[in-house]
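Summary of the model geometry
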Amino acid sequence: MPSYAEVAVPVHVPLTFTYRLPPSLGRIAQPGSRIIVPFGRRFLTGYIVGLHERLQAGTDLKESDIKDAKEILDAIPLVTPELLELTKWVAEYYLAPWGEVLKAALPPGISPTVEQFLILSDRGRAEASELGSNDIPTPKQRLLRLLADSGEMSAAVLPDHFDSRSAIKLVRELERDGLVDAVQRTGGDFVKAKVQRRVRLLNFADETAGTGEQKFTAAQLRVIEALQGRESVALAQLLAAAEVSSSVINTLQKKHLIEVFEEETRRDPLGDITFPPVKDYKLSSDQAAVLTEINRPLRARAYAPFLLHGVTGSGKTEVYIRAMRVALEVGRSALMLVPEIALTPVFSRRLRAHFGDRVAIFHSSLSRGQRFDEWTRVRNGDARIVIGTRSAVFAPIKNLGLVIVDEEHESTYRQQDSPHYNGRDTAIVRAQKESAVVILGSATPSLESFHNASTGKYRFLELPTRLNDRPMATAEIIDMREVFSRHQKPKVFSDELLKAIAETHQRKQQSIILLNRRGYSSFVLCRSCGESVQCPNCDVTLTYHKSDSVIICHYCGHREPAPSKCPSCEGKYIYYVGEGTQQLESMLTKLFPSINIARVDRDTTARRGAFEKTLFDFSEGKIDMLVGTQILAKGHDFPNVTLVGVVSVDAGLALPDFRAAERTFQLLTQVAGRAGRGDLPGKVLIQTYHPYHYALRHACAQDYAGFYQEEMRHRQNHTYPPFVALASLMVHGPEITRVRADALELRKALDRANGDRAARILGPAPAPLARLKGEYRVQLILKCRNRLQLRTIIDTALKALHERKINLRSINVEIDPVSIM
């Protein structure tokens, strides 16, 4: 029987902790189970990742240092052995805390919280009763009075009454003096299965109605009629259908004619959705050839990574569905990742139409109850196909045989908050560990993936033409310098784009207008003093949102009323600079009043179901034009769209990030793919002040190979991925002097760990966004030819800082960052 448990705790420390298991817990402890353990002055829900009969050799721990675990929450481990192994890899590869990775792998709200409460001891109550009401109380006396008045107090609310640091010190003093007791309580608003009360008919014969054997009222007869021929009916539904009160139900229950019982009910994310009819497509020769290659290792139950490079409209989704069918035929399961929550309704409806209730959906827009129910269905084996965003890579799928990563190039597969991980790369590793086939699909593969295919690490598959040999949309660059020269002032829309919009809608066709910037205006400027209104928490300007008359920070969410005068000089000449999607929608509505226009960005899709309704109305022809951000650029199939207008991509090209050109090329190629997907030819107009940029030239030509070759030369010349492994270390905190000092200490530790100069270390230097969410940020960049060496150098440096008691929670480590912003 194990005496000790190695526990991963969800805190930002890359260590596991050892706890003693009392015999009652040692008998039921298993790796993967949740466990409540003391951590500092509080209790946390951690995860058992190892069990030992004795202390591990080589550890510095003494028996007196080890605390007892409090409680084990799972008789059957919540985390499967496969997911325990996968999360360990994520923690080691990305240098992320294992406990945070495990917490991210489970649905939110599944673990109870443990809260600390403060209660006066007998001695404390006596001292509180002796306090005079007229005295000016000390902090100690204030807390005693608060506890005497309230009876008890959560430690979490102490900062509302005292400074955070002094509150902790104060509680310790009162505990030491025996005036206060701290107790821990398990609770919290955690998710459980939903239970529904239902009613079913027991022994009843029609001929008893109205006879001497039984006499029924009219209300009772309505209940019986509503139940006849049905296995059971929800109680609330029965009361409404029979138009009766609950007393009628109670009477029939006492007569033993009906039974009221409780049954777990599923919170189905697609419960009210109508699914499209299943069409039996005939595969093109290219699709059939691709599917043949995929099916070989799929049937052989062997790991095989494929990069599927298919142009927009080439039929990649049908290939995915056929491959899923084969996975189910051979008794295995399938996982499909999509980069945006917005794409899950599109694909999930289609998958549900093909595979019914065997499909489960994972993404953060679902309610906590829905996410719990879908997770439970997958864990129990009731659902064998999972579709979701990056966190779905941790779904507890049994017998995984196929993994699909659609639009594999998208940066949204990267988790931006701790724990930092890439969902695409984690999916590849999971497929490898479970002997599954993995398909990376894209019209614009990331340079790293295409490089891996070129070097033989991935198998390369191609769908080079659109279905039914439809032509690609023709693309044209509009030089906005010439437009400025023509009008002698800046213009949002060129004459060419306005003419194309008018002609498109005269032909009863649809259009999409793209600007990857939401809001009404980019920032607010005072023409008297030249100051712009800045976010108080971040080094960015606030964006004007006209619909709510507010200015908002798109990073931290800070908002305030739009100013009528300058906050600095109180000048009245306020000027709104730049355009966002709100302003585009307003301008186009005035220019084309007969066109029905809808806007699609994060602001309009915040309400659940709003995005799906807009897309449905657009596909039905109720909307003529969509104006929006990059959310419109991928995965959507609208056959009547023949015009795509890109208002500007220059801001994206100007970002101080080595992937700026690649992202611009991908965005333009993807959005161009929305035009001409039906029988009508498509046209794309791109407005820019940089018409000769190679990313724009190759995007217009739909020439991925040409862009790849040119961009790879730039990457090689400047030693960026895929020619080196890259890491970003961000030191952050509320005090700039402390952040700078910690960054310098980190640099020294990295230099010591980099003794053979295997890595090139840049920084410390202020990050491009030097202050974010109230914290200053100083960045270091590491480049190394060997990925293992890179991680070893960083790991060695962080351990050295930990030994020197430097707070590692102030350092964010990103291995293979998708952005260095």
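Keep in mind the model is a prediction, meaning the values are calculated, not measured.

What follows deals with the sheet that holds strand 27 (residues 625–628). Strand order in the open sheet formed by six strands is 19-29-28-20-27-26, with parallel pairing between adjacent strands. Only two strands of the sheet have a single partner each, and these edge strands are strand 19 (474–479) and strand 26 (597–600). Adjacent strand axes in the sheet meet at a mean angle of 15° when their direction is disregarded. Sheet analysis places strand 20 (residues 510–515) next to strand 27, joined by four bridges and oriented parallel. Bridging across to strand 27, Leu-514 finds its partner in Gly-628. This element, helix 16 (residues 480–487), spans strand 19 and strand 29 (683–688) of the sheet and lies at about 50° to strand 19. Here helix 19 (residues 610–619) sits on the sheet and contacts strand 20, strand 26, strand 27 and strand 28 (641–648); the angle it forms with strand 27, its principal contact strand, is near 145°.

The next subject is the packing of helix 2 (residues 81–93) against helix 3 (residues 98–105). Direction vectors running N to C along helix 2 and helix 3 enclose 130°, while the axes themselves pass 9 Å from each other. It follows from the interaxial angle that helix 2 and helix 3 lie oblique. Two packed elements cross with a definite hand, and for helix 2 against helix 3 that hand is right-handed. Every residue of helix 3 that contacts helix 2 at Leu-84, Thr-87, Lys-88, Val-90 and Ala-91 is listed here: Trp-98, Val-101, Leu-102 and Ala-105. Residues that form the contact of helix 2 with helix 3 fall into these classes: seven nonpolar, one polar and one charged.

With that settled, consider empty space enclosed by the protein. A full pass over the atoms with the stated rule returns one cavity of 30 Å³ or more. Estimates place the volume of the largest cavity at around 120 Å³. Among the elements that make up the lining of the largest cavity, the one with the highest residue count is strand 33 (residues 811–815) (three residues). Grouping the amino acids of the lining of the largest cavity by side-chain chemistry returns 10 nonpolar, four polar and no charged.

Further remarks concern the layout of surface pockets. To find the voids left in a structure, one rolls a probe of water-molecule size over its atoms. Volume-wise, the second largest pocket comes out at about 1700 Å³. Taken together, 49 residues line the second largest pocket, and the ones lying closest to its centre are Tyr-281, Val-346, Arg-350, His-636 and Asp-637. The greatest single-element share of the lining of the second largest pocket, amounting to seven residues, is contributed by helix 12 (residues 344–355). Residues that form the lining of the second largest pocket fall into these classes: 19 nonpolar, 15 polar and 15 charged.

Criteria and cut-off values
- Residues numbered from 1 in each chain as written.
- Predicted model: local features only at pLDDT ≥ 70, side-chain atom pairs only at ≥ 80, totals over all residues.
- Heavy atoms only, no water.
- Pairing = 2+ DSSP bridges.
- Helix = DSSP H or I, 4+ residues; strand = E, 2+ residues; numbered from the N terminus.
- Axes fitted to C-alpha atoms, helices over the stretch in contact; angles between N-to-C directions.
- Contact = heavy atoms within 4.5 Å.
- Parallel < 35°, antiparallel > 145°, perpendicular 65-115°, else oblique.
- Left-handed = near helix turned anticlockwise from the far one by under 90°.
- Nonpolar A, V, L, I, M, F, W, Y, C, P; charged D, E, K, R; others polar.
- 1 Å grid on protein atoms, 1.4 Å probe; cavity = no way out; pocket = protein on both sides within 12 Å on 5 of 7 lines; lining within 4 Å.
- Points joined across faces, edges and corners; volume = space filled by probe spheres on them.

Spatial relationships are all this shows, so hold off on functional conclusions.
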